[in-house]
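Read off the chains here:
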Amino acid sequence: MLMTMPTQTQPRALPKITVIGTGYLGATHAAALAELGFEVLGLDVLPDKIASLSRGEVPFYEPGLGDILRRHVSGLPGSSGRLSFTTSYTDAAAFGDIHFICVNTPQKPGEYACDMSYVDAAVESLAPHLTRPALVVGKSTVPVGSAARLARRVAELAPAEGAELAWNPEFLREGFAVEDTLRPDRIVVGVTSERAETLLREVYAKPVAEGVPFLVTDLPTAELVKTAANAFLSTKISFINAMAEICEAADGDVVKLAEALGHDDRIGKKFLRAGIGFGGGCLPKDIRAFMARAGELGASEALSFLREIDSINMRRRASMVELTRETLDGSLLGKRVAVLGAAFKPDSDDVRDSPALNIAGQLHLQGAEVTVYDPKAMENAKRLFPTLRYAATATEAATGAHAVLHLTEWREFRELDPAALAEVVSTRHVLDGRNTLDPALWRKANWTYRALGRPTA
Ligand code: UDX
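Not measured: the values here are computed from a predicted model.

Novice: Can you lay out the side chain of Ser-354 for me, pointing to particular residues and giving the numbers?
Specialist: If you trace the backbone, Ser-354 turns up in the loop between strand S9 (336–340) and helix H14 (355–365). Classification of Ser-354 as buried rests on a relative accessible area of 3%. A polar atom in the side chain of Ser-354 sits 2.6 Å from the backbone oxygen of Ala-342. Those residues in contact with Ser-354 that lie beyond four places of it in its chain are Ala-342, Ala-343 and Phe-344.

Novice: I'd like a rundown of the layout of surface pockets, residues and numbers included.
Specialist: Its volume calculated, the second largest pocket comes out at about 230 Å³. Contributing to the lining of the second largest pocket are 13 residues, with Val-255, Ala-258, Leu-272, Arg-273 and Ala-274 lying nearest its centre. Considering only residue class, the lining of the second largest pocket consists of six nonpolar, two polar and five charged.

Novice: Explain the pattern of salt bridges to me, using residue names and the numbers behind them.
Specialist: Under the defined criterion, the tally for this structure stands at 33 salt bridges. Here Glu-245 makes a salt bridge to Arg-316, at a shortest N to O gap of 3.4 Å. Of this pair, Glu-245 sits in helix H10 (residues 219–250) while Arg-316 sits in helix H13 (residues 304–327); the two residues are 71 residues apart in sequence, bridging distant segments of the chain. The class for Glu-245 is partly exposed, based on a relative accessible area of 24%. The residue Lys-256 makes a salt bridge to Glu-259 at a minimum N-O spacing of 3.2 Å. With Lys-256 and Glu-259 both in helix H11 (residues 254–262), this residue pair falls three residues apart, about one helical turn. By relative accessible area, which is 53% here, Lys-256 ends up exposed.

Novice: Give a detailed account of the sheet that holds strand S12 (residues 403–406), specifying residues and quantitative values.
Specialist: Adjacent strands of a sheet form backbone hydrogen bonds with each other and so pair up, either parallel or antiparallel. Strand order in this open sheet of six strands is S11-S10-S9-S12-S13-S14, and the pairing throughout is parallel. If you trace the sheet from one side to the other, it starts and ends with strand S11 (389–390) and strand S14 (448–451), each paired once. Bridge count for strand S10 (residues 369–373) against S11 is two bridges, and the pairing is parallel. Bridging from a neighbouring strand, Val-372 pairs with Tyr-390 of S11. Set on the sheet, H13 makes contact with S9, S12, strand S13 (429–432) and S14; between it and S13 the angle comes to about 165°.

Novice: Hey, could you go over the site of the ligand for me, with residue numbers and the actual values?
Specialist: Neighbouring residues of the ligand: 20 residues in total, closest Phe-171, Glu-174, Arg-273, Phe-344 and Lys-345. Contact distances for the ligand include 3.0 Å between an oxygen atom and a backbone N or O atom of Leu-172. In this structure, an oxygen atom belonging to the ligand sits 3.3 Å away from a main-chain N or O atom of Leu-272. In isolation the ligand has 670 Å² of accessible area, and contact with the protein removes 95% of it. Ranked by residue count, the leading element in the shell around the ligand is H10, at four residues. A class-by-class count of the residues in the shell around the ligand yields ten nonpolar, three polar and seven charged. Residues lining the shell around the ligand come from more than one domain, with at least three contributed by each of domain 1 (17–217) and domain 2 (218–457).

Novice: How would you explain the environment of Gly-211 if you had to name every residue and give the values?
Specialist: Its place among the elements puts Gly-211 in the loop between helix H9 (205–209) and strand S8 (214–217). By relative accessible area, Gly-211 is classed as exposed at 55%. Between the alpha carbons of Gly-211 and Asn-241 there is a distance of 35 Å; along the sequence they are 30 residues apart.

Novice: So what about the pairing of strand S4 (residues 98–101)? Which residues, and what values?
Specialist: Within a regular strand, the side chains alternate between the two sheet faces. Because side chains alternate across S4, one face comprises the buried residues Ile-98 and Phe-100, and the other comprises His-99 and Ile-101, equally buried. Relative to strand S5 (residues 134–138), S4 runs parallel, the two sharing four bridges. Bridge pairing in S5 links Phe-100 to Val-137.

Novice: Outline the packing of H13 against H14, supporting the account with residue identities and numerical values.
Specialist: Put simply, H13 and H14 touch, their axes get as near as 9 Å, and they point 45° apart. One way to sum up the angle between H13 and H14 is to call them oblique. The two elements H13 and H14 meet at a crossing, and its hand is right-handed. Between H13 and H14, the residues in contact are Arg-317, Ala-318, Met-320, Val-321 and Thr-324 and Pro-355, Asn-358, Ile-359, Gln-362 and Leu-363, respectively. Partitioned by chemical class, the residues of the contact of H13 with H14 number six nonpolar, three polar and one charged.

Novice: Talk me through the packing of helix H1 (residues 24–35) against helix H3 (residues 65–72); I want residue IDs and the actual numbers.
Specialist: Here H1 crosses H3 at 55°, and the two axes come no closer than 9 Å. By the angle between their axes, H1 is oblique relative to H3. Read as a crossing pair, H1 and H3 show a hand that is left-handed. Where H1 approaches H3, its residues Ala-27, Thr-28, Ala-31, Ala-32, Ala-34 and Glu-35 are matched on the opposing element by Leu-65, Ile-68, Leu-69, Arg-71 and His-72. Broken down by class, the residue content of the contact of H1 with H3 amounts to seven nonpolar, two polar and two charged.

Reading the values: the criteria
Residues numbered from 1 in each chain as written. Predicted model: local features only at pLDDT ≥ 70, side-chain atom pairs only at ≥ 80, totals over all residues. Heavy atoms only, no water. Helix = DSSP H or I, 4+ residues; strand = E, 2+ residues; numbered from the N terminus. Buried < 20%, exposed > 50% of the residue type's maximum accessible area, 1.4 Å probe, protein only. Polar contact = N/O pair within 3.5 Å; in protein donor to acceptor, adjacent residues only side chain to side chain. Contact = heavy atoms within 4.5 Å. 1 Å grid on protein atoms, 1.4 Å probe; cavity = no way out; pocket = protein on both sides within 12 Å on 5 of 7 lines; lining within 4 Å. Points joined across faces, edges and corners; volume = space filled by probe spheres on them. Nonpolar A, V, L, I, M, F, W, Y, C, P; charged D, E, K, R; others polar. Salt bridge = Lys/Arg side-chain N within 4 Å of Asp/Glu carboxyl O. Pairing = 2+ DSSP bridges. Axes fitted to C-alpha atoms, helices over the stretch in contact; angles between N-to-C directions. Near = heavy atom within 4 Å. Areas by Shrake-Rupley, 256 points an atom, 1.4 Å probe, with all protein chains shown as cover. Domains from an automatic or database assignment. Parallel < 35°, antiparallel > 145°, perpendicular 65-115°, else oblique. Left-handed = near helix turned anticlockwise from the far one by under 90°.

Dropping the structure here:
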């Protein structure tokens, strides 16, 4: 008699993943993938970074990241052991079925274009070690056309048949990096084969099952989704800041204007906060790199409006300096100015192209005595602007000040007591660069409250 044995289907092993480059993007992506159940190996060329991540320490400030890192870093008590780190490309190639490239793409010094040297180096270092089929997935923000070029390099350099490249742009915001990685608004994958799509669907199966839209495109469209999104967000911010300039000229109130505009569903409330404008490691350099790339493609006219977006943004910093000078009776010389905030936005210690620090620096160069306080970005600020003074608290920074400038909207600053702060300053002038303090509250405590795009009285 023939016995039919029940066939036991072994669950297919999950692909193993490497993450190349462990900065904001890479460290978060690696930890999030471990959280999703994958075995992950993070690679960086900086041994110090690898040493600190291997101890479960995040070398920058990002809420929540330390917790998920420590839940998974191998060798730490109670961890899943699914996440480890290396500096070796040979180890990475031997380990991974999928390799995410998460290195940075800064602006080239003295040019608008993007510096691709880290992405290029990552591909050139990894591909020659790919001795079995593997998928290389770019996440870094790159000029459109880079993915197709890098796909050719992977095919040329990899000894294995079936080593290929896909593009999967990342949209995470600093301060929300963990949330944005585990539950993004959408997942976009640019692929050239069904196999690549299948593998990426496997990586993102959990968020997709939870309803996150998964969009499949060609390589250039995937690259463009990222740069177009950043161009749109910058445009929205500069639009409202241009309206702030008009409000200043016409004595209107840009905060009320933005609120009223935001009720129109087609416009929406988000990214309409007027103030000293956008900074950080992404928006400013991404719109410039986008313009540079459009020029190379012979389509510079299409993006010439971004030049205006950039100028409106940079003008806000100069306007804040002028508003301070005006408040201080026309001269900054010898005036003591307290600057609250150094990070480019709250919940971050990142000071790259920070409007707050840029304004602090300009005031200092024009003769003011500037004292800065930030809850998290002090060390980074001191490294970049060692000539400014730094205080250990907001109150210490404001002590003796002729004007207090609110330049990064940390919650701690919104909760300041204007009456208590009034006791330590020399003169009660507060200038709100982020339009998030309550003018009525400050005026009640006898402060003059000034802000960009808002009426004086
Ligand atoms: C941005 C994009 O949001 C993200 O999708 C992309 O992946 C990277 O670039 P991030 O740089 O972390 O993220 O910061 P974001 O929250 O976008 O803020 C950028 C800058 O715009 C900050 O300086 C912020 O203060 C400023 N901003 C933002 C405004 O001035 N007004 C607003 O209404 C919103």
